[in-house]
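Per-entry structural report
What follows is the residue order along each chain.
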Amino acid sequence: MSTAGKVIRCRAAVLWKSGAPFSIEEVEVAPPKEKEVRIKIVATGLCGTEMKMLARTDLPGLYPIILGHEGAGIVESVGGGVNTVKPGDKVIILFLPQCGECSSCLNSGENYCIKLKQSKTALMSDGTSRFTCKGKSVKQFAATSTFTEYTVVREDSIAKIDASAPLEKVCLISCGFSTGFSTGPGKAVEMAQVTPGSTCAVFGLGGVGLSVIMGCKAAGAARIIGVDINKDKFKKAEEVGATECISPQDFKKPIQEVLFDMTGAGVEFCFEVIGNPDTVAAAVASCNESHGVCVIVGLMSATDQVRIHGNLFFSGRTLKGSVFGGWKSREHVPKLVSDYIEKKFNLEPLITHTLNLDKINEASELMKTGKCIRCVLLP
Ligand code: COD
Ligand code: ZN
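Residues numbered from 1 in each chain as written. Chains lettered and ligands numbered in written order. Predicted model: local features only at pLDDT ≥ 70, side-chain atom pairs only at ≥ 80, totals over all residues. Heavy atoms only, no water.

The name an unreviewed UniProt entry gives the protein chain is Alcohol dehydrogenase 6, with Oryctolagus cuniculus as the organism. Word for word, the UniProt comment on the protein chain under Sequence similarities (unreviewed entry) is "Belongs to the zinc-containing alcohol dehydrogenase family. Class-V subfamily." Per UniProt, the protein chain carries the Function (unreviewed entry) text "Alcohol dehydrogenase. Catalyzes the NAD-dependent oxidation of primary alcohols to the corresponding aldehydes. Oxidizes secondary alcohols to the corresponding ketones." (UniProt positions renumbered as here; feature names shortened; annotations may be inferred.)

In C-alpha cells form, the structure reads like this:
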C-alpha cells in the first residue's frame, strides 16, 4: 500500500538533550511539501561532525534533534513541483545544497550555495521540520537528518545517482569522502591544485583525512606525510597512500619544524582535517615559504580564533578554506558515484564498521575512542 501523502511512523535516533545518548524512538515523518522529497534511508555514516555536535554544550535550543547528514536512500514520495526525481530513484543526501540560483551556484568555480547558510536554521528551529516524536517537533540537522528510516529534504539537497550504486558504500560520497577527495587531476574544482611529484602533508587521519590522502595520491603527489596523535591511524593511512606518518607527540620540536627537517623546504600542500586552531597554525607554518598552500578542511568551534604570525605570509604562502571539497554537490556527486562504480577509487578502506542503526551509541563510542574510521549505520 502506498505511503505517499501519509504520515510515516518509523524508527529514528533522537537526541533529547546535550550529553545524552541517542535514543531509538518511534517518530512521525510528515509527507514532503512543495519542492521537498521523502526518502527511505538505506545507509548513513557517522561523521566526525556528529561527534563534534555530540560534544557541544553551548546550544541548549538545539534539542530534540535527529542528527546525521551523510546518507543515501531511495525516494519514497515527492512533494509538488519536484521534477528531478521520482519514487524509486536512488539518491544521495547533500548537506551542501545546490540551488542553482545563488551567486556561488552561478559561478563555475564556487560551491558554497547560499542555501547552506540558510539551512542552519531552516528545517531546524522555525517549525519547518517534518519530524515529531511524543507530540514534540524534532529538529532536523543541517536540513537533512539521516539517523532515521525516513527523512524529508529539499529537492536541491539530493542528487539522483546510478540505479546500480551500492548505497551502503556510496553513502560516504554524501560527505566524508567528497569533503576530502578533491585534489585529483582534471577536476572542475580543486581546492589545492596538488601537482604531480609534489610533497603534501595531511593533519588528521580520520575518514576525511584519508580521503584527502587518496586525492593527493590520485593527483600524483610523490610524498604524502600523515600527521595524527593517534598512531593506530597510521596503518590505514599508509594503505591508502601516505608515504610516511608521524605523531606530534613523538617530538620535542613543534611539528612544523619536524616537517621542515623532513622535507628541507616545507611541504607544498598541507591540509588541516581536524578543525583545531593550533593545528591550523602548525599546518600553515609547515608549508613551503614561497609557494606552499594550506587548506583548512576542518570546522572550528564558533569561538575559535587562529593565531598565526603575520610574517608567515610575507614570502608568499597561501591559506584557504574549502567546503565539500569544492564539489558542486548536485552536479558532481552523480559523477563521483559513477567513478566509484567504475572502480576509479575505493571506499572500502574507509568503512571499518557496519552496524544496525539501533547500535548507534556503540558506533559513537567507537568514534570517540578512535577505533573506527567510518561506521555505516543501516536503519
Ligand atoms: N593533532 C593531530 N591529530 C589530531 C589532533 C591533533 N591535535 N586532534 C585530533 N586529531 C586526529 C584524531 O586522532 C582523528 O584521527 C582525526 O584527527 C579526526 O578524524 P575524525 O575521524 O574525528 O573525523 P572525520 O575525518 O570524520 O572528520 C574530520 C572533520 C575535520 C572534517 C570534521 O570533524 C569537521 O570539522 N567537519 C566540519 C567541516 C566540514 O566540511 N564538514 C562537512 C560536513 S561534515
Ligand atoms: Zn560530514
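What follows is about the site of ligand 1. Taken together, 26 residues are adjacent to ligand 1, and T49, K52, D228, L299 and R374 come closest. Between ligand 1 and K52 there is a distance of 2.6 Å, counted from an oxygen atom to a side-chain nitrogen or oxygen. Contact between ligand 1 and L299: an oxygen atom at 2.7 Å from a main-chain N or O atom of the residue. Compared with its free state, where it exposes 910 Å², ligand 1 has 84% of that area covered by protein. Contributing elements (two or more residues each) for the shell around ligand 1: α1 (48-55) and α6 (207-218). Broken down by element, the shell around ligand 1 gets its largest block of residues, three residues, from α1. Of the residues assigned to the shell around ligand 1, the class counts are eleven nonpolar, eleven polar and four charged. (Near = heavy atom within 4 Å. Polar contact = N/O pair within 3.5 Å; in protein donor to acceptor, adjacent residues only side chain to side chain. Areas by Shrake-Rupley, 256 points an atom, 1.4 Å probe, with all protein chains shown as cover. Helix = DSSP H or I, 4+ residues; strand = E, 2+ residues; numbered from the N terminus. Nonpolar A, V, L, I, M, F, W, Y, C, P; charged D, E, K, R; others polar.)

Quick look at the coordination of the zinc ion (ligand 2) now. Every protein donor of the zinc ion (ligand 2) is accounted for by C47 (SG), H69 (NE2) and C175 (SG), and the metal-donor separations fall at 1.9 to 2.4 Å. Here the zinc ion (ligand 2) binds four donor atoms, and the angle range of 97 to 123 degrees at the metal identifies the geometry as tetrahedral. Between consecutive donor residues of the zinc ion (ligand 2), the sequence gaps follow C-x21-H-x105-C. Of this pair, H69 sits in the loop between β4 (65-66) and β5 (70-78) while C175 is found in the loop between α4 (167-170) and α5 (176-180), placing the two residues 106 residues apart along the sequence. (Donors = N, O, S within 2.8 Å, 3.2 Å for Na, K, Ca; no water. Tetrahedral: all angles 85-135°; square planar, octahedral: opposite > 155°, others 65-115°.)

Looking now at the packing of aromatic side chains. Evaluation of the coordinates by the stated rule reveals six aromatic pairs. Centroid distance F95 to F324: 5.7 Å. Interplanar angle 85 degrees. Geometry classified as edge-to-face. Taken together, the positions of F95 in the loop between β6 (90-93) and α2 (103-106) and F324 in the loop between β16 (318-321) and α10 (329-341) put the pair 229 residues apart, joining distant regions of the chain. Grouping residues by exposure puts F95 and F324 together as buried. Feature note: the residues F177, F181, Y340 and F345 constitute an aromatic cluster, connected by ring pairs. (Phe/Tyr/Trp six-rings, centres within 6.5 Å; stacked < 30°, edge-to-face > 60°. Buried < 20%, exposed > 50% of the residue type's maximum accessible area, 1.4 Å probe, protein only.)

All right, on to the pairing of strand β14 (residues 269-272) then. On β14, burial covers both faces: F269 and F271 on one face and C270 and E272 on the other are all buried. Bridge analysis of strand β11 (residues 199-203) against β14 gives four bridges, and the strand direction is parallel. Across the sheet, the residue bridging to A201 is C270, located in β14. Note that the unit made of β14, helix α9 (residues 277-285) and strand β15 (residues 293-296) has a crossover that is right-handed. (Pairing = 2+ DSSP bridges. Right-handed = clockwise from strand over helix to strand, strands pointing away.)

This part takes up helix α8 (residues 255-263). All of the buried residues along α8 are I255, V258 and L259. Buried residues in α8, looked at end-on, bunch into an arc of 100 degrees, giving them a common side. On its buried side, α8 packs onto β11, β12 (223-227), β13 (244-246) and α9. Two residues or fewer after α8 comes G264, characterised by a positive phi angle close to 90 degrees. (Arc of directions from axis to C-beta. Contact = heavy atoms within 4.5 Å.)

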